[in-house]
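Letter by letter, the chains look like this.
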Amino acid sequence: MSDASTDYVVVGGGLTGCAIASRLGQSDKKLKVVLIEAGSDSSGDPAAAGFLSGLSLLGGKFDHVYQSNPEPNTLNRVHSLNSGKALGGGSILNFGGWLRADAADYDDWAEMVRDKRWSYDGFKPWFRKTERFHGSGNDTDTDAHGFDGPMHVVSISAAESGERKYPLREPVKQAWTELGVSFNPQKEKGSITGITEFYENSRHGMRQPANTAYPLENIEVLTNTIVNRVIFSGTTATGVELANGHKVTARREVILCAGTYRTPQLLMLSGIGPSAILNQAGIPVLHESPHVGQNLHDHFAIYFAFRLRDPSAGYALGSSSWQNPALCKGLPWDWVVSEPLPAEIITKHESDARKQKRNLYEVITVYTPPGIPGIPVDGTHIATSTMLLLPTSRGVVSIRSSSPSDPPRIQPNYFSTLLDRVTLVHAAKQTLKAMLATSSMQSIIEGETPPSGQGLDGLIPLTADASGEAIEERIRQTGIQHHHSGGTAAMGKVVNGEGKVIGVKGLRVADASILPIPLGGHPQATLYPMAEQIVSFIIQDILE
Ligand SMILES: Cc1cc2nc3c(=O)[nH]c(=O)nc-3n(C[C@H](O)[C@H](O)[C@H](O)COP(=O)(O)OP(=O)(O)OC[C@H]3O[C@@H](n4cnc5c(N)ncnc54)[C@H](O)[C@@H]3O)c2cc1C
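This one's a predicted model, so the numbers in the text were calculated from it and none came from an experiment.

Here is what the cut-offs are and how they apply
- Residues numbered from 1 in each chain as written.
- Predicted model: local features only at pLDDT ≥ 70, side-chain atom pairs only at ≥ 80, totals over all residues.
- Heavy atoms only, no water.
- Phe/Tyr/Trp six-rings, centres within 6.5 Å; stacked < 30°, edge-to-face > 60°.
- Helix = DSSP H or I, 4+ residues; strand = E, 2+ residues; numbered from the N terminus.
- Buried < 20%, exposed > 50% of the residue type's maximum accessible area, 1.4 Å probe, protein only.
- Lys NZ or Arg CZ within 6 Å of the ring centre and 35° of its normal.
- Near = heavy atom within 4 Å.
- Polar contact = N/O pair within 3.5 Å; in protein donor to acceptor, adjacent residues only side chain to side chain.
- Areas by Shrake-Rupley, 256 points an atom, 1.4 Å probe, with all protein chains shown as cover.
- Nonpolar A, V, L, I, M, F, W, Y, C, P; charged D, E, K, R; others polar.
- Pairing = 2+ DSSP bridges.
- Axes fitted to C-alpha atoms, helices over the stretch in contact; angles between N-to-C directions.
- Contact = heavy atoms within 4.5 Å.
- Domains from an automatic or database assignment.
- Buried area = accessible area lost by both parts, 1.4 Å probe.
- Salt bridge = Lys/Arg side-chain N within 4 Å of Asp/Glu carboxyl O.

Notes on the packing of aromatic side chains
Stage number 1. The tally for this structure, following the rule as stated, stands at 22 aromatic pairs.
Stage number 2. Note on Tyr66 and Tyr261: the rings are 5.5 Å apart at their centroids and 70 degrees apart in plane angle, and the pair reads as edge-to-face. Of the two residues, Tyr66 is situated in strand β3 (residues 66–67) and Tyr261 in helix α8 (residues 259–269); the sequence distance between them amounts to 195 residues. Accessibility assignment for this pair places Tyr66 and Tyr261 in one class, buried.
Stage number 3. Both rings, one in Trp98 and one in Tyr528, keep their centres 5.8 Å apart while their planes meet at 15 degrees; by these two values the pair is stacked. In this pair, Trp98 sits in the loop between α3 (90–93) and α4 (103–113) while Tyr528 sits in helix α15 (residues 524–543), placing the two residues 430 residues apart along the sequence. Just as Trp98 is buried, Tyr528 falls in that class too.
Stage number 4. Here the aromatic cluster, defined as three or more aromatic residues joined through ring pairs, consists of Tyr106, Trp109, Trp118, Tyr120, Phe123, Phe127 and Phe537.
Stage number 5. It is Arg100 that lies over the ring of Phe127; its NZ or CZ is 3.8 Å from the centre.

Rendered as structure tokens:
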């Protein structure tokens with residue numbers, strides 16, 4: 001394209017970018033909105049909306065797959081960080097999990113930025129606007145659910161997928177109950193503590209990429225187009241410069257939705273960031289903003305694979321008895337266990353009595369090992385995902401140079417605080433106990449199978465009474481991120497409560513990078529409503 005002009009430029013056609021552009025276009029048909037996406041349009045690819053087929057896209061052409069710096073707390077391993085590179089962004093790669101954070105987490109966010117619009121109650125109108133909730137079941141918090149929004153949300157036991165009853169569903173639930181974890185069917189007042197249903201974004205057994213759930217009919221979409229930087233007149237953003245040298249002028253606003261890793265890079269390349277970094281790269285400082293790129297958070301996690309005593313029983317994907325096609329109308333994941341640390345552990349690390357009760361970890365059972373090195377998907381194993389929900393470790397995203405084609409420098413600092421180490425070790429112990437030492441699972445599972453290959457050979461299987469040291473070492477050897485990164489253009493530090501970049505005009509950020517703190521759920525259930533609320537601020541500004 002040649003130079004162009006429009007009312008709004010949205011940079012990044014990912015999960016939030018599609019929602020923002022779509023809603024802006026719907027708000028007034030006369031508004032001109034240009035949505036610019038570095039990747040291609042994956043709509044023609046049959047894998048793009050499937051659940052299991054989506055896994056095959058990891059590492060392929062729809063994935064930026066950034067490489068972290070070597071991580072000191074995980075034996076200097078370089079972590080591959082999957083990140084959507086397509087229209088739809090992360091929604092093309094993601095697993096479809098739709099798990100809201102605990103109400104208390106949203107309230108922490110609102111308190112931190114002193115803005116009640118980001119509290120649990122503040123979020124409710126936007127939860128409702130986003131969701132088409134199927135089967136609220138016993139959930140007592142029905143005013144926090146929507147029934148005519150674009151995103152279809154179902155639980156495994158909901159009406160539409162009622163036939164998806166996994167053979168190990170009851171034994172797994174029973175195992176956690178044996179460990180003293182309560183079943184929480186009601187989610188009263190937005191509490192997710194205990195054993196809750198696994199919800200997912202699923203329509204007729206398919207995921208809903210953001211670019212189809214949020215129609216882009218009257219939006220000018222530029223795919224395979226990279227934005228190099230934001231252009232300013234004084235301190236007012238007036239448009240963007242593309243990698244091909246052309247410019248797109250924005251009469252009203254530029255909205256960055258390039259994601260946790262790229263939004264801070266774009267801000268820095270545009271002269272907004274820590275001056276020491278900008279000076280070193282030879283970028284003139286437009287606005288000194290020391291927190292750009294700081295505060296990177298993610299849900300660090302460990303997967304375990306468990307060998308079944310009877311692989312022919314049909315408990316796991318790949319077994320010849322696993323034949324009910326309904327079982328694959330979503331990822332075969334089941335039950336979400338979200339728990340605080342026991343009082344005797346958390347009181348050593350947290351003096352605030354309210355925070356002592358926060359859910360710090362989550363465990364989900366998986367009836368197919370999700371890419372664990374050396375573990376076959378042949379019905380012989382099930383797996384678990386054990387993840388930190390509110391990590392206190394923080395990383396940094398920075399730039400390597402002033403060149404937009406250099407990928408960002410990413411130092412996640414996973415597992416770098418004592419609280420994170422204590423929490424994940426405890427969570428892993430609970431997971432091992434649930435799978436290996438409960439009466440309901442002992443007869444089903446033979447033992448843990450450690451990962452192998454990729455430099456991991458010779459690991460010793462963990463048992464239900466494995467020591468904290470042995471577990472911590474395994475986490476250092478095999479722990480990975482859970483693709484839930486955020487925080488690098490944090491609300492309250494880099495942007496204000498409406499997403500406007502502090503210190504300049506005409507520039508907003510509306511993606512995962514503005515999440516000021518980690519939230520104890522899975523991000524898309526928050527990011528879509530967050531985008532809906534930010535669009536409402538943009539529309540309000542038009543009206544004023
Ligand atoms: C493998 C995987 C599994 C996941 N599973 C789940 C799950 O089950 N449940 C859940 O809730 N969340 C899940 N997530 C996380 C969720 O998808 C992300 O949190 C979400 O996509 C972030 O949205 P975003 O809009 O901030 O960024 P993205 O969706 O990543 O969008 C950013 C977009 O900007 C584009 N872009 C970047 N730089 C530029 C540039 N300079 N010019 C133009 N375009 C640019 C990118 O190509 C990308 O399309 C998963 C993520 C991954 C990768």
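Brief notes about the site of the ligand
Stage number 1. Surrounding the ligand, one finds 35 residues, the nearest of these being Thr16, Glu37, His64, Gly90 and Gln524.
Stage number 2. His64 is positioned with one of its side-chain polar atoms (N or O) 2.8 Å from an oxygen atom of the ligand.
Stage number 3. Measuring from a nitrogen atom of the ligand, one finds a backbone N or O atom of Val227 at 3.0 Å.
Stage number 4. Within the complex, 95% of the 1000 Å² of free accessible area of the ligand lies under protein.
Stage number 5. Mapped by element, the contributors of at least two residues to the shell around the ligand are α1 (15–27), α3, α8 and α15.
Stage number 6. Tallied by class, residues from the shell around the ligand come to 14 nonpolar, 17 polar and 4 charged.

Observations regarding the sheet that holds strand β6 (residues 151–155)
Stage number 1. Spatial ordering of the open sheet is given by β5-β6-β8, a layout of 3 strands whose pairing is mixed. Strands with a single pairing partner mark the edges of an open sheet, and in this sheet they are β5 (131–134) and β8 (199–201). Each strand axis lies, on average, 25 degrees off the axis of its neighbour in the sheet, ignoring direction.
Stage number 2. In the packing of helix α5 (residues 120–130) onto the sheet, the strands contacted are β5 and β6, and the crossing angle to β5 comes to about 75 degrees.

Structural notes on the pairing of strand β15 (residues 300–308)
Stage number 1. β15 sits mainly inside the fold: 8 of its 9 residues count as buried.
Stage number 2. Bridge count between β15 and strand β22 (residues 480–481): 2 bridges; the pairing is antiparallel. Opposite Phe300, over in β22, you have Gln481 as the bridge partner.
Stage number 3. Of the pairings in the sheet, the one linking β15 to strand β18 (residues 381–388) comprises 7 bridges and is antiparallel in character. Across the sheet, Phe304 pairs through a bridge with Thr384, a residue of β18.

Remarks on unusual backbone geometry
Outside of glycine, negative phi angles account for most residues, and trans bonds account for most peptide bonds.
Stage number 1. The phi dihedral of Arg114 is positive, around 50 degrees, even though this residue is not glycine.
Stage number 2. Residue placement: Arg114 occurs in the loop between α4 and α5.
Stage number 3. A residue is classified by how much of its surface remains accessible, and Arg114, at 78% relative accessible area, is exposed.
Stage number 4. Within the chain, Asn295 stands out as a residue other than glycine whose phi angle is a positive 70 degrees.
Stage number 5. On the secondary structure map, Asn295 appears in the loop between β14 (287–288) and β15.

Focus on the domain arrangement of the protein chain
Stage number 1. The domain boundaries assigned to the protein chain delineate domain 1 (8–93 + 208–296 + 487–543) and domain 2 (160–204 + 300–388 + 415–478).
Stage number 2. On a C-alpha basis, the centres of domain 1 and domain 2 stand 32 Å from each other.
Stage number 3. If you look at the interface, domain 1 gives 13 residues, while domain 2 gives 22 residues.
Stage number 4. Taken together, both faces of the contact between domain 1 and domain 2 bury some 1400 Å²; the carbon and sulfur share is 60%.
Stage number 5. Considering only the side of domain 1, the residues that lose the most area to domain 2 are Phe51, Asn73 and Gln208, jointly responsible for 42% of the buried surface there.
Stage number 6. Here domain 1 and domain 2 share 0 salt bridges between them.
Stage number 7. At the junction of domain 1 and domain 2, the tally comes to 5 residue pairs in polar contact (both at pLDDT 80 or more).
Stage number 8. Residues belonging to the side of domain 1 that touches domain 2 are distributed by class as follows: 4 nonpolar, 8 polar and 1 charged.

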